[in-house]
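Now for the letters of each chain:
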Amino acid sequence: MIEWINAAFVGRFYNRHMKPAATILSSLGGSVYRNEQVGFGPYLVLETLPWLLLATVIRLYSLSWPGGLSLLGFFVAHVPVFIAFLLASQKMVRLTGGFTALERLSFHRQLSLSWAVLWRLLLLFFCTIIIAVLLGMNKYSASKFWLGFDGIVFVWGRGFLPFWSALIAAIVFIMVVEKGLDRKPTFLSVVRQFKARWKQLTKAIIIIGLLFVACTFVQFFVGRLVWAVGEPLALPFGRNLLYIGFLASVSYVRLWLAITILTYAVRASYRQQLPQSAMKT
């Protein structure tokens, strides 16, 4: 199954668009060309799975916690999700032939980076909610903007959320790449990159949003089958293990799809800039 997905997703786009292409981090010092095929299969980012499992466990068990502890658990789960996002981004950048300083980050610095990105996202969510309410959106619908980062890997429903999470994934990806270039991950850098690559990033966000919608429907139908299989199990531990494994697997697929498409989009933007730079020189 994995080989089929890899062949279908990679082969067509690679043969038509990605050979040769500039490294994502070509701004570090020139373009790097590779003759070998660049793979984006889901098995390439398996190191993210333990962090997604941790985030899934925290989210599920925090639902039963009283009062503010449940909300605290929701935000704490953002940290392992971000580390999974960071690891996947680092791996994809390296696979495309790029060098990134993310490989030198210790675990402590990874946690510091997660805080630097997450507090900016929370500020963005808060401001977005205020603006949405002022524009006439009801408070319940506006409060869903809080779920933007969580919605990258977990399903929260339909409506605008899949596309909002796709936009947040693009913002976080740019911040991570900026950190890989030893730059500060700020909204100013995000705006600068969106301005330079808005066509590719807009397409990527739309595609990711549509895939998130599709994942929601798939998870709904497959989840019913998983529930039917798990319900007769005598041991609660077996049921919980089955449910957690299923949710973590879906989260893994969603994260892989988002990172892969964003990597391809940024890679394609650098590739398109090369002929323009050559003409200017």
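In this report, the structure presented in the accompanying data block is examined. Predicted, not measured: the structure shown is a model, and the values here were computed from it.

## Considerations on the overall build of the protein chain
And step 1. Scanning the protein chain for helices and strands turns up 10 helices and zero strands.
And step 2. Order of helices (α) and strands (β) in the protein chain, N terminus to C terminus: α-α-α-α-α-α-α-α-α-α.
And step 3. When burial is assessed residue by residue, the protein chain has 47% of its 281 residues classed as buried.
And step 4. Long-range pairs, those at least 24 residues apart, make up 73% of the contacts in the protein chain between residues at least 6 apart in sequence.
And step 5. Summing over all exposed atoms, the protein chain offers an accessible surface of approximately 14,700 Å²; the carbon and sulfur share of this is 69%.

## Observations concerning the packing of helix α4 (residues 78-95) against helix α5 (residues 107-134)
And step 1. Closest axis-to-axis distance for the α4/α5 pair is 10 Å, and the angle between their directions is 110 degrees. Looking at the two axes, α4 sits roughly perpendicular to α5. Judged by residue contacts, His78, Val79, Phe82, Ile83, Leu86 and Leu87 of α4 engage Phe107, Gln110, Leu111, Leu113, Ser114, Val117 and Leu118 from α5.
And step 2. By residue class, the composition of the contact of α4 with α5 is 10 nonpolar, three polar and no charged.

## Here we look at the pattern of salt bridges
Where charged atoms of side chains with opposite charge meet at close range, the side chains can pair.
And step 1. Overall, the coordinates contain four salt bridges when judged by the stated rule.
And step 2. Of the charged contacts, one joins Asp150 and Arg59 as a salt bridge, the two residues approaching to 3.2 Å between their closest N and O atoms. A residue pair is termed long-range when its members are at least 10 positions apart, and Asp150 in the loop between α6 (139-143) and α7 (161-180) and Arg59 in helix α2 (residues 49-62) qualify at 91 residues.
And step 3. Among the salt bridges present, the one from Arg183 reaches Glu178, with a minimum N-O distance of 3.2 Å.
And step 4. Glu178 gets classed as buried once you look at its relative accessible area, which sits at 1%.

## Things to note about a nonpolar patch on the surface
And step 1. Together, Val57, Leu60, Tyr61, Leu63, Trp65, Leu69, Leu72 and Val76 give the surface a local cluster of nonpolar side chains, amounting to about 720 Å² of exposed area.
And step 2. Those elements giving two or more residues to the nonpolar patch turn out to be α2 and α3 (68-76).
And step 3. Here Leu60 lies in helix α2.

## What to know about the nonpolar core
And step 1. Membership of the largest hydrophobic core comes to 59 residues, with the highest contact counts inside it found for Phe85, Leu121, Phe149, Ile168 and Val172.
And step 2. Secondary-structure elements contributing two or more residues to this core are α2, α4, α5, α7, α8 (187-196), α9 (198-230) and α10 (236-280).
And step 3. The element contributing the most residues to this core is α7, with 13 residues.
And step 4. Those residues within four positions of Leu121 in sequence are excluded, and the remaining contacts are Phe149, Ile168, Ile171, Val172 and Phe187.

Definitions and cut-offs
Residues numbered from 1 in each chain as written. Predicted model: local features only at pLDDT ≥ 70, side-chain atom pairs only at ≥ 80, totals over all residues. Heavy atoms only, no water. Helix = DSSP H or I, 4+ residues; strand = E, 2+ residues; numbered from the N terminus. Buried < 20%, exposed > 50% of the residue type's maximum accessible area, 1.4 Å probe, protein only. Contact = heavy atoms within 4.5 Å. Areas by Shrake-Rupley, 256 points an atom, 1.4 Å probe, with all protein chains shown as cover. Axes fitted to C-alpha atoms, helices over the stretch in contact; angles between N-to-C directions. Parallel < 35°, antiparallel > 145°, perpendicular 65-115°, else oblique. Nonpolar A, V, L, I, M, F, W, Y, C, P; charged D, E, K, R; others polar. Salt bridge = Lys/Arg side-chain N within 4 Å of Asp/Glu carboxyl O. Patch = residues over 30% accessible without salt bridge, like charges linked within 9 Å, V, L, I, M, F, W, Y side chains within 5 Å. Core = buried A, V, L, I, M, F, W, Y, C linked by side-chain atoms within 4.5 Å.

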